[in-house]
Amino acid sequence: MKAGSNTHQLSIRGGVPLHGRVQVSGAKNAATKILLASLLTDEPSYFTNVPYLGDTLITAELMKHFGAQVDIQENDWSVNPEKIVSGEAPKDGRKNRISVLAIGPMLHRVSEVEVPLVGGDQIGPRPVDYHLAALRMMGANIEIKDDRIRASAKKLVGTSVTLPFPSVGATENIILAAVLAEGKTTIRNGAVEPEVLDLVKMLQTMGAIIELGTNRVFHIQGVKALRGTRYTIMPDRNEAVSFACAALATDGDVTVVGALQDHLLTWLNTVRRMGGKYEVLPDGIRFYRGRELHGIELETDTHPGFMTDWQQPTATVLTQAQGDSLIHETVYEDRLGYTKALKSMGAKIMVTDDCLGVLPCRWWSRGFQHSCRITGPTPLHGAMVDISDIRAGMAQVIAGLVAEGQTILRGVEHLDRGYQHLDRRLTQIGARLERLPTVY
Ligand code: EPU
């Protein structure tokens, strides 16, 4: 859907520091994969802390189409995958990138799968070549036709894969296929993001044998069958960072209840580097400024580095920090598009295709606008802006919370895919924000 042509807009009247306690939801990027993993058995599974938002609901629609029963009680979900009828995803249903991760589980259940090939989006081309190459190595026949991936296999066999880049999705896809494959699978250069490990932990409770060695190497011993499970989804660390940024940018004081220090070590160091303050409490983490913020250099990286999804909301904070900041995005080639909106609200940001950092970068000398310099602090003013993706949207929401006057955000469906009841929770900590119906 084109940004701006959705059903709702968000109006924010900014300039008010946020104060109070806000509960973090379950992690979207763990929940969606964990739900699909429950298809690897014919026994029921029960989940708590599932975020109720667009991406989990689209995943549920896909699973229901396959024949699973999915019962949703806000954040308590149960899946009964006893009667899988087909591995073919609907042609006209709502889709997201998660469906490519259904290939492994559905090959194990029904030997034939057809899912949409979801192309690039606002943050880059986002190919799935690593996923498909690994599945082929495991014995799947795969063809792509009419933007659909068709896969078939009588059985999958273990293999040894070295990923060209530690891709989260490819690592998860291979794990989901390997747990029931014949023999052993080794993944080298795998992703070790907490969401990947949450999937591994959940699979372990189903009876899977997965070991994580040193240097990003996973060893998976295929088993004959898995059992149903009960599992609580990890808290969403991206959401925790979003709320923390809202607190720091507005010069407020917010405790993110349920945020886990374990998942946020690099972020907490970044807060300290900017001159912000945090306090790790028994039930969450408190964020506030304490003194003036100052500019920093930051580079996104795979875990345990500074996560690419934290980059955008942090950029908004840096527009309020004293001096120059440099951001070098090394995970996605095109994840600075939102800076246009921030500039239209008064931020001083210069985007460049240079690598403004020292990390090895796949985008070096390839013409991608993947670094920027932010000069602050700059007062922000309200504007009418379009949201292009989830984290860009959050950077823009936070800018709206800082800005004097009214900001209207169009394209709220991007936020709804990734944040549960965002308006309600921001209002609870003092944001003046309202959802408006779109007038055509
Ligand atoms: N890549 C390839 N080929 C592949 C797979 C990935 O070239 O087959 C490249 C990508 O184009 C990108 C890099 O590898 O340049 C990393 O992509 P990765 O596969 O790690 O990302 P993903 O699994 O598609 C997940 C999250 C993203 C998050 C990234 C990085 C989900 C549903 N999405 O994406 O989250 O930014 O990992 O940690 O888990 C979001 O929540 O809004 C979001 C975009």
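A. Examining helix α3 (residues 103–110) more closely. Among all positions in α3, only I103, G104, P105, M106 and L107 are buried. On its buried side, α3 packs onto α1 (28–37), α2 (54–66), β6 (112–116), α4 (129–137), β8 (148–152) and α5 (168–178). At the exit of α3 stands S111, carrying a positive phi of roughly 70°.

B. Molecular detail of the nonpolar core. By size, the foremost hydrophobic cluster in this structure holds 70 residues, and its most contacted members are L40, I103, I175, V179, L203, I210 and F218. Apart from residues no more than four positions distant in its own chain, I175 is found in contact with I187, V196, V200, L203, I210, F218 and I220. Judged by nonpolar contacts, the second largest core, of 67 residues, contains I12, M274, A395 and Y419.

C. Structural detail: the pairing of strand β16 (residues 284–288). Most of β16 is tucked away: four of the five residues are buried. Pairing of strand β14 (residues 253–257) with β16 involves five bridges; the strand directions are antiparallel. In the sheet register, V257 faces β16, and the bridge partner there is G284. Hairpin connection of strand β15 (residues 277–281) to β16: two residues between the antiparallel strands.

D. Structural detail: the sheet that holds strand β2 (residues 19–23). Within the open sheet, the four strands sit side by side as β2-β14-β16-β15. Their pairing is mixed. Single-partner strands in this sheet number two, and they are β2 and β15. Neighbour-to-neighbour, the strand axes of this sheet turn through a mean angle of 15°, independent of strand direction. Here five bridges tie β15 to β16, and the two strands are oriented antiparallel to one another. Looking across to β16, one finds that E279 is bridged to R286. Along the sheet, helix α8 (residues 265–274) makes contact with β15 and β16, crossing β15 at roughly 145°.

E. Structural view of the environment of F306. Its place among the elements puts F306 in the loop between β17 (297–299) and α9 (308–318). Residue F306 is classed as buried on the basis of its relative accessible area of 4%. As for F306 and V241, which are separated by 65 residues in sequence, their C-alpha atoms are 11 Å apart. Every residue in contact with F306, bar those within four places of it in the chain, is listed here: T266, W267, T270, L298, E299, T300, D301, Q311 and T314.

F. The arrangement of unusual backbone geometry in detail. In this structure, the amide linkage connecting H303 to the following residue, P304, adopts the cis form with an omega of 10°. Summarising the element assignment, P304 is placed in the loop between β17 and α9. Backbone torsion omega between G376 and P377 reads -5°, so that peptide bond is classified as cis. Here P377 shows up in the loop between β20 (371–376) and β21 (384–386). The residue E74 is not glycine, and still its phi comes out positive at about 55°. By secondary structure assignment, the location of E74 is in the loop between β4 (69–73) and β5 (76–80). Look at D146: it is not a glycine, yet its phi comes out positive at around 50°. Inspection of the secondary structure assignment puts D146 in the loop between β7 (141–145) and β8.

G. Up close: the site of the ligand. Looking at the ligand, there are 24 residues lining it, with D129, S167, V168, D309 and V331 nearest. Here an oxygen atom of the ligand and a side-chain polar atom of R335 are 3.2 Å apart. The contact in question runs from an oxygen atom of the ligand to an N or O atom on the side chain of R362, over 3.3 Å. Of all the secondary structure elements, the ones that give two or more residues to the shell around the ligand are α1, α4, α5, α9 and α11 (390–402). Taken together, the residues that form the shell around the ligand break down as 11 nonpolar, five polar and eight charged.

H. Region of the structure containing α11. Here α11 spans 19 Å end to end across 13 residues, near enough to the 18 Å set by a 1.5 Å rise per residue. Taken across its 13 residues, α11 has 13 buried, putting it largely inside the fold. Its side-chain oxygen at 3.1 Å from the backbone nitrogen of R391, D389 defines the N-terminal cap of α11.

Rules used in this analysis
- Residues numbered from 1 in each chain as written.
- Predicted model: local features only at pLDDT ≥ 70, side-chain atom pairs only at ≥ 80, totals over all residues.
- Heavy atoms only, no water.
- Buried < 20%, exposed > 50% of the residue type's maximum accessible area, 1.4 Å probe, protein only.
- Helix = DSSP H or I, 4+ residues; strand = E, 2+ residues; numbered from the N terminus.
- Contact = heavy atoms within 4.5 Å.
- Core = buried A, V, L, I, M, F, W, Y, C linked by side-chain atoms within 4.5 Å.
- Pairing = 2+ DSSP bridges.
- Axes fitted to C-alpha atoms, helices over the stretch in contact; angles between N-to-C directions.
- Near = heavy atom within 4 Å.
- Polar contact = N/O pair within 3.5 Å; in protein donor to acceptor, adjacent residues only side chain to side chain.
- Nonpolar A, V, L, I, M, F, W, Y, C, P; charged D, E, K, R; others polar.
- Expected span 1.5 Å × (residues − 1).

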